[in-house]
Amino acid sequence: MSVFSHPAYDNHEEVAFYHDAKSGLKAIIAVHNTNLGPSLGGCRMWPYADDSEALNDVLRLSRGMTYKSAMAGLKLGGGKSVIIGDPRKEKTPELLRAMGDFLNTLGGRYITAEDSGTSVADMKIIGERTEYVSGVIAGQEHGGDPSPSTAYGVFVGLKAAAEHRWGRTDLTGLKVSIQGVGNVGFRLAKLLKEAGAELFVTDIFQDNVDRAVNELGATAVSGEEIFELDVDLFAPCALGAILNDDTISRLKVGAIAGAANNQLAEARHAEILRDKGILYAPDYVINAGGIIDVYYQQLGEYNAEQVKQHIETIGTTMQEIFQRADESGETTAHIADRIAEERFGHKDALGDADSAAA
Ligand code: NAD
């Protein structure tokens, strides 16, 4: 299995593999970039089909964390870890403790937190063996779960999108469709409801749909209808790759602003959205509320008001991206990448500086 010639390898600083025979742990940690600080990113546990699928995921996700943290103005680099296995069947306290041992071998260059397949409770077990774990703050309202902060950040970014697209700061009557009303999507729906928006929701779990309908007065629609609604704004809060040739051709919205990671199926889909006049709020910028929350937890000086204020900077960052995209004609996704690269000193950004000097 190649690493340096892997298509998802992008100058990653470190890729570490670990096997603990006793617990059965097989895990990979990828540290993409530490220019701004130690790398931080979630620990995903997933029944990967093979090792190369796990490597691909960890390389891609760790790179994404560098961009997300740089954009959120955090003194953090980008990293991620993956545990190969089914979290419902193979996750044991021994395996999680072994993951803690693995983290210690990197000496703090990578700090972990919860992700798909792992929970706050799992992080506490990992924390029995290592200090390099976040998202476990004790006694806090949500026990370290970053979802409420993610939802608040999406709400802030969505408001910036509505202001830029329609010049409106009041969301009363704004029609918003939400795909996925889980941890983040439901909380976002609640904030939107409080702000006067009209909600349309879909979810593969009927319970989640019912909760949004009963508690928030949302209108339930099918999984396919969600792409065809005559609404103002679409908030993808479920899956990645949801903005693709098929769905974009059906969307009638003026803006997209949601929590899901990796919403664009391919980079070119940002151009299709721009050409259709749909304003796209880049996913890793708008969904950074969670990493901001985890960052302050990790610092050990959690102050809810300070966290809230930091999350609100997502709104000004979003405005800067929209502005620069308007001025240059480039896509919002491209502008976001450029700003993040300027902040963490990516080779392309440095290359530009070099050529400018030459
Ligand atoms: P979640 O699992 O709690 O919620 C996702 C919801 O989407 C679930 O209710 C699920 O049933 C639903 N869903 C799945 N497939 C669907 C489909 N095809 N159609 C409609 N609904 C579907 O997860 P979450 O924590 O709310 O995260 C939502 C998204 O936001 C994910 O893409 C996640 O990667 C991203 N995100 C989450 C956080 C966080 O703090 N939780 C941070 C950054 C990004």
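Rules and cut-offs
- Residues numbered from 1 in each chain as written.
- Predicted model: local features only at pLDDT ≥ 70, side-chain atom pairs only at ≥ 80, totals over all residues.
- Heavy atoms only, no water.
- Helix = DSSP H or I, 4+ residues; strand = E, 2+ residues; numbered from the N terminus.
- Rg over C-alpha atoms; globule rule 2.2 N^0.38 Å.
- Buried < 20%, exposed > 50% of the residue type's maximum accessible area, 1.4 Å probe, protein only.
- Salt bridge = Lys/Arg side-chain N within 4 Å of Asp/Glu carboxyl O.
- Pairing = 2+ DSSP bridges.
- Contact = heavy atoms within 4.5 Å.
- Axes fitted to C-alpha atoms, helices over the stretch in contact; angles between N-to-C directions.
- Near = heavy atom within 4 Å.
- Polar contact = N/O pair within 3.5 Å; in protein donor to acceptor, adjacent residues only side chain to side chain.
- Areas by Shrake-Rupley, 256 points an atom, 1.4 Å probe, with all protein chains shown as cover.
- Phe/Tyr/Trp six-rings, centres within 6.5 Å; stacked < 30°, edge-to-face > 60°.
- Lys NZ or Arg CZ within 6 Å of the ring centre and 35° of its normal.
- Domains from an automatic or database assignment.
- Buried area = accessible area lost by both parts, 1.4 Å probe.
- Nonpolar A, V, L, I, M, F, W, Y, C, P; charged D, E, K, R; others polar.
- Expected span 1.5 Å × (residues − 1).
- Core = buried A, V, L, I, M, F, W, Y, C linked by side-chain atoms within 4.5 Å.

Caption draft 1: Representation of the overall build of the chain. Check the secondary structure of the chain and you find 14 helices and eleven strands. Taken over the C-alpha trace, the chain has a radius of gyration of 20 Å; the compact-globule value for 358 residues is 21 Å, and the two agree within 12%. Seen through its principal axes, the chain has C-alpha atoms that stretch 60 × 55 × 40 Å. Split into buried and exposed, the 358 residues of the chain put 53% on the buried side.

Caption draft 2: Expanded view of the pattern of salt bridges. By the definition in use, this model includes 22 salt bridges. Here Arg 97 and Glu 128 are joined by a salt bridge, their closest N and O atoms 2.6 Å apart. Of this pair, Arg 97 sits in helix 3 (residues 93-105) while Glu 128 is found in the loop between helix 4 (120-126) and helix 5 (147-166), placing the two residues 31 residues apart along the sequence. A salt bridge links Arg 338 to Glu 341; the nearest nitrogen and oxygen atoms lie 3.4 Å apart. A residue pair is termed a helical-turn pair when its members lie 3 or 4 positions apart in one helix, as Arg 338 and Glu 341 do in helix 13 (residues 332-344) at three residues. Across the pair, Glu 341 and Arg 338 agree in class, each one buried. A single salt-bridge network, built from bridges that share partners, covers Arg 44, Asp 57, Arg 60, Lys 80 and Asp 115.

Caption draft 3: A look at the sheet that holds strand 11 (residues 279-280). Within the open sheet, the six strands sit side by side as 8-7-6-9-10-11. Their pairing is parallel. Strands with a single pairing partner mark the edges of an open sheet, and in this sheet they are strand 8 (219-220) and strand 11. Where strand 7 (residues 198-202) and strand 8 come together, two bridges link them in parallel fashion. Considered in strand 8, the bridge of Phe 200 is made with Thr 219. Those strands touched by helix 6 (residues 183-194) are strand 6 (175-179), strand 7 and strand 9 (233-236), and its axis lies near 170° from that of strand 6.

Caption draft 4: Representation of the site of the ligand within the structure. Neighbouring residues of the ligand: 20 residues in total, closest Thr 150, Asn 183, Val 184, Asp 203 and Asn 208. A distance of 2.9 Å separates an oxygen atom of the ligand from a polar backbone atom of Asn 183. In this structure, an oxygen atom belonging to the ligand sits 3.0 Å away from a side-chain N or O atom of Asn 261. For the ligand, the accessible surface in isolation is 820 Å², of which the surrounding protein chains cover 75%.

Caption draft 5: Structural view of the sheet that holds strand 1 (residues 14-20). Spatially, 1-2-4-3-5 is the arrangement adopted by the five strands of the open sheet, whose pairing is mixed. Two strands in the sheet have a free side with no partner beyond their single neighbour: strand 1 and strand 5 (110-114). Direction aside, neighbouring strands of the sheet carry axes that sit 25° apart on average. Relative to strand 4 (residues 77-84), strand 2 (residues 25-33) runs antiparallel, the two being bridged by six bridges. What sits directly across from Ile 29, in strand 4, is Ser 81. Relative to the sheet, helix 3 contacts strand 1, strand 2, strand 3 (39-46), strand 4 and strand 5, its axis offset from that of strand 2 by approximately 35°.

Caption draft 6: A look at the packing of aromatic side chains. As enumerated under the stated definition, the model contains six aromatic pairs in all. With centroids separated by 4.6 Å and ring planes inclined at 15°, the aromatic side chains of Tyr 18 and Phe 102 adopt a geometry described as stacked. Here Tyr 18, found in strand 1, pairs with Phe 102, found in helix 3; they are 84 residues apart in sequence, far enough to count as distant. With a relative accessible area of 23%, Tyr 18 lands in the partly exposed category. Arranged with centres 6.0 Å apart and planes meeting at 75°, the rings of Phe 227 and Phe 234 form a pair that is edge-to-face. Here the two residues Phe 227 and Phe 234 agree in accessibility, since each one is buried. If you follow Arg 211 out to its NZ or CZ, it ends over the ring of Phe 186, 3.9 Å from the centre.

Caption draft 7: Seen up close, the domain arrangement of the chain. Here the chain is partitioned into domain 1 (14-126) and domain 2 (147-287 + 317-342). Between the C-alpha centres of domain 1 and domain 2 there is a distance of 28 Å. Of the roughly 720 Å² buried between domain 1 and domain 2, counting both surfaces, carbon and sulfur atoms make up 62%. Looking only at domain 1, the three residues that lose the most surface to domain 2 are Tyr 67, Lys 68 and Met 71, adding up to 82% of its buried area. Applying the counting criterion to the domain 1 and domain 2 interface returns zero salt bridges. Between the two partners, domain 1 and domain 2, sit three residue pairs in polar contact (both at pLDDT 80 or more). Across the side of domain 1 that touches domain 2, the residue classes break down as four nonpolar, no polar and two charged.

Caption draft 8: Local environment of helix 5. With 20 residues, helix 5 should cover 28 Å at 1.5 Å per step; its first-to-last C-alpha distance of 28 Å lies within 8% of that length. With its phi angle positive at about 65°, Gly 167 sits one or two positions after the end of helix 5.

Caption draft 9: Seen up close, the nonpolar core. Core analysis: the largest hydrophobic core is formed by 65 residues, its most contacted members being Met 71, Val 176, Ile 178, Leu 192, Leu 199, Met 318 and Ile 321. Take this core: its biggest share by element is nine residues, from helix 5. When residues of this core are assigned to domains, at least three fall in each of domain 1 (14-126) and domain 2 (147-287 + 317-342). With near-sequence residues (within four places) excluded, Ile 321 lies in contact with Met 71, Pro 282, Val 285, Thr 332, Ile 335, Ala 336 and Ile 339.

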